[in-house]
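What the coordinates show
Okay, here's what each chain looks like letter by letter:
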Amino acid sequence: MSLLYVLKVQIVPLIVKSLTYEEKRGACSVGSNVRDAACYVCWSFARAYEPKELEPYVTQISSALLITAVFDRNVNCRRAASAAFQENVGRQGTFPHGIDILTAADYFAVGSISNCYLNITVFIASFPEYTEAMIDHLIAMKINHWDSVIRELATKALHNLTPQAADYMATTVLPKLLPMAVGIDLHGRHGAILACAEITHALYKVGLQTNRAVVDMISSECVDALKNIHQKLNDRKQYRGFGGELMRPAVCFLIEKLSLSKMPFKNDPVITGWQWLIDDTIKTLHPGVKDSTVVSLVSALSALCDEFYQAEPGQADLQIQDVLVSQYIEGLKSPQMLICCGSALALGCLPRFMIHGKVKQILEGLLQMCTVSQNEEKCTEARRDAVKAISQVCLKVGVCAHGSPDSALCSENVAEVYGVLLHCMTDYTRDSRGDVGAWVREAAMTSIMEVTLLVAVSAPEILLPDLVKRIMCLLAQQAAEKIDRYRAHAGNVFLCLLHSKEPAVPHIPHQEELLRIFPFETTTSLNWSAPSQAFQYITQLLGLPQYQYHTLLGLTVSVGGITQSTVHFSSQSLFEYLRGIQENNAALTQFGDTLLSIFRDNLRNDMVSIPFLGMLNQMLANSCFEIFATQENHQFCVDILELCKEFKKSKAIAKLSVSISVFCGLIQFQGEVRKRVLAQLLMLLCHSFPVIRKTTAGQMYEMLLTYEDVIDPEVLDDVTTLLSDANWESDLETVRAHRNQLCDWLKVSQPRKITKNPVPS
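Read on for an overview of the structure. All of these numbers come straight from a predicted model, not from anything done at the bench. (Residues numbered from 1 in each chain as written. Predicted model: local features only at pLDDT ≥ 70, side-chain atom pairs only at ≥ 80, totals over all residues. Heavy atoms only, no water.)

The next point concerns empty space enclosed by the protein. Considering all chains together, one arrives at three cavities of 30 Å³ or more under this definition. Of the voids in this model, the largest cavity is the one considered here, and its volume is about 100 Å³. Considering the residues around the largest cavity, the lining is formed by L19, T20, E22, R35, I67, T68, F71, D72, R73, H137, M141 and K142. For the lining of the largest cavity, the secondary-structure elements that each account for two or more residues are α4 (58-71) and α8 (128-142). Among the residues forming the lining of the largest cavity, the class breakdown is four nonpolar, three polar and five charged. (1 Å grid on protein atoms, 1.4 Å probe; cavity = no way out; pocket = protein on both sides within 12 Å on 5 of 7 lines; lining within 4 Å. Points joined across faces, edges and corners; volume = space filled by probe spheres on them. Helix = DSSP H or I, 4+ residues; strand = E, 2+ residues; numbered from the N terminus. Nonpolar A, V, L, I, M, F, W, Y, C, P; charged D, E, K, R; others polar.)

We now examine the packing of helix α33 (residues 635-644) against helix α34 (residues 653-666). With their axes 11 Å apart at the nearest point, α33 and α34 run at an angle of 155° to one another. By the angle between their axes, α33 is roughly antiparallel relative to α34. In this structure, α33 crosses over α34, and the sense of that crossing is left-handed. Taken together, the residues of α34 that come into contact with α33 (itself represented by C637, I640, L641 and C644) are V662, F663 and L666. Grouping the amino acids of the contact of α33 with α34 by side-chain chemistry returns seven nonpolar, no polar and no charged. (Axes fitted to C-alpha atoms, helices over the stretch in contact; angles between N-to-C directions. Parallel < 35°, antiparallel > 145°, perpendicular 65-115°, else oblique. Left-handed = near helix turned anticlockwise from the far one by under 90°. Contact = heavy atoms within 4.5 Å.)

What follows covers the side chain of T68. When you line up the elements, T68 lands in helix α4. Setting aside chain neighbours within four positions, we find T68 in contact with L19, C39, C77, R78 and A81.

Within an α-helix, residues lying three or four positions from one another point in the same direction, as the helix has 3.6 residues per turn. Where helix α10 (residues 166-181) bends most, at V173, the angle is about 40°, and the proline P175 comes one to four residues later. Buried residues of α10: A166, Y168, M169, A170, V173, L174, L177, L178 and A181, and no others. In the core, the buried residues of α10 are packed alongside α8, α9 (148-161), α11 (186-209) and α12 (220-235). (Bend = angle between axes of the 7 residues up to and from the residue. Buried < 20%, exposed > 50% of the residue type's maximum accessible area, 1.4 Å probe, protein only.)

Take the layout of surface pockets next. Estimates place the volume of the second largest pocket at around 630 Å³. Contributing elements (two or more residues each) for the lining of the second largest pocket: α9, α11, α13 (241-260) and α15 (291-308). Here the element with the most residues in the lining of the second largest pocket is α13; it accounts for seven residues. Grouping the constituent residues of the lining of the second largest pocket by class yields nine nonpolar, nine polar and seven charged.

Taken as a whole and assessed by the stated rule, the structure comprises 19 salt bridges. Salt-bridge contacts for D435 lead to R441; the nearest nitrogen and oxygen are separated by 2.9 Å. Residue D435 is classed as buried on the basis of its relative accessible area, which comes to 18%. R441 sits in the buried class, given a relative accessible area of 1%. (Salt bridge = Lys/Arg side-chain N within 4 Å of Asp/Glu carboxyl O.)

Further remarks concern the packing of aromatic side chains. Summed over the entire model, instances satisfying the criterion amount to 17 aromatic pairs. Pairing F265 with W274 gives two aromatic rings, centres 5.8 Å apart and planes at 70°, and the pair type is edge-to-face. When the ring centre of Y107 is taken as reference, the NZ or CZ atom of R79 above it lies at 4.6 Å. (Phe/Tyr/Trp six-rings, centres within 6.5 Å; stacked < 30°, edge-to-face > 60°. Lys NZ or Arg CZ within 6 Å of the ring centre and 35° of its normal.)

Quick look at the packing of helix α37 (residues 713-725) against helix α38 (residues 732-746) now. For the pair α37 and α38, interaxial distance at closest approach is 10 Å and the crossing angle is 160°. The orientation of α37 with respect to α38, classified from their angle, is roughly antiparallel. Between α37 and α38 lies a crossing whose hand is left-handed. In this structure, α37 contributes V715, D718, V719, L722 and L723 to the contact, and α38 contributes H738, Q741, L742, W745 and L746. Among the residues making up the contact of α37 with α38, the classes are represented as seven nonpolar, two polar and one charged.

The structure is reproduced here in structure tokens:
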């Protein structure tokens, strides 16, 4: 038996089969080692055989290697196949279009699986030798793959490959997929439905170029089979259980693509079935549902309405309009959070002709959902989706200053819409997942930007100065906060509104100064996500009176936070600004008044008050109020002390600990206020929490060594010795005796123990 005969009959067929070998085992698969070894064998062929000996098998080997290089799930196998293909191109020189393909499918290019499926495949398929082989492999091995990501990428690849082989797709591939779309295998059924949707839509796009309808390109049997997929799945109850989790979004995707492809199903009973599926999926949404399911659901509804619910072009079927709008508005009142989300997104995706005449009713439902659920932690996602829907509705109906609130955004409803959106920008809801209110704030910022630019084009006169001021101030606050993602989003929205020319947003406060701080180049060069860049710009807004309060409020949570890089760069920029106004008593006084206003407004809000105390402690430690400290009983110190005294009954260790640091910083101020600060510290030495007593003693010790003029030098050694040596975690009676001794040395009145009167029986 000759070597060439063995190569032809045994080795090449085995190697080609091994290049795509994969066997499912439980929740994963095995075979990557076999495929990798097969790539090595192909690599060795290039060195072992002469070109003329291998020439009869070039088509088989090259196709198999390219299929592995672009479609294999394992990146090492893709790279091994690419290397083997390269070796054969270099040594054999007989692989079709080898050099061209290598430039697109080299070692680094095949590292990204999405790039392989969506881009490289299109280039390779432009060479007829490989087109059908790649399509056949996707149909046979990838649309029924156990990994849903591979299935979805495979169907998108089929969409992209359809223009290269439209007739083959219409006459061979689609008829082969339709039986799989209603078959037994769950993964195969899922992939086949997605593939049918993608190929049909791709054929529709091809038909547009040649003025042919999609029904002219595929057989009537295929059209009927596509139409009957939903009914067959429903009859078999395959929308239930685990399988339903895959089938519902897949069929919604099919509905979207068939609608976009203008299939001739108008007034067909299947439309009622499709609408039932969409509505039933909204009603059965649960916490474990994927975001992709909601996206496919909303996209399907939008496409379905656009294609099949127009009585005349641009005019809705009134009966269907009333039913759908009423149904989704009622869904906003559901106690189930995800039903509220689905209903809100459904209202937001309806085409303009479906909401014409219902705008007031829709906006009232969405606005009420945003406000009523503000105190309900569970409804955060619902508020986020309602905010998105408000923006979508406004963009679709447009703006008319003197129009009807039932058909447009106008002077009658613009204040209410902005009021809710601005209120949502102050949503700081927290739960076990953290700052979930940030989702609402992000959606509100996007919606405000879109609506504001829309209004500025059509009716800038309804953008009142106070409204624009509040928008810009709240954006400045968000742009000064600690979470990089949301700071970046706020900063980009702020610059978008500031630099918008067509349309120009009117009444922006301090617009000229803002343009000097943020020249047009910053829209592209400024990285808001980087604390080292963002804060040096945002702190300059502190010098603009109308922005000072909100900017400082945003900086409070950044400077007083716990993320090291954010704290470092935000505090550095803040102190740089404060150093610049040290000689300007009026500016420093105004800054101090703003600081006190923030403290008073958020005294009971731990999310602000604790970071505020941390920021204030840093300011005091850096002598930012040195001018005030030289004046006896300065009102700033008196007010800060009075506000800090509110925390002495707090049970929060973090708040008490940072309050101690602030008291120690306030000791630098002159006058009677110093005695009052010492009195507060001495009371904390007898706090009911031992850790607070110990912390107070330690910080008082450091304070007295730093500010030696606080007490008489003759008793300094005695005071510091007692503070450092006494056991401040012992029983209260012992601690109280030590504390009273300190009071005598520091010439501060001893606190009197308050005895509660017994309740009469």
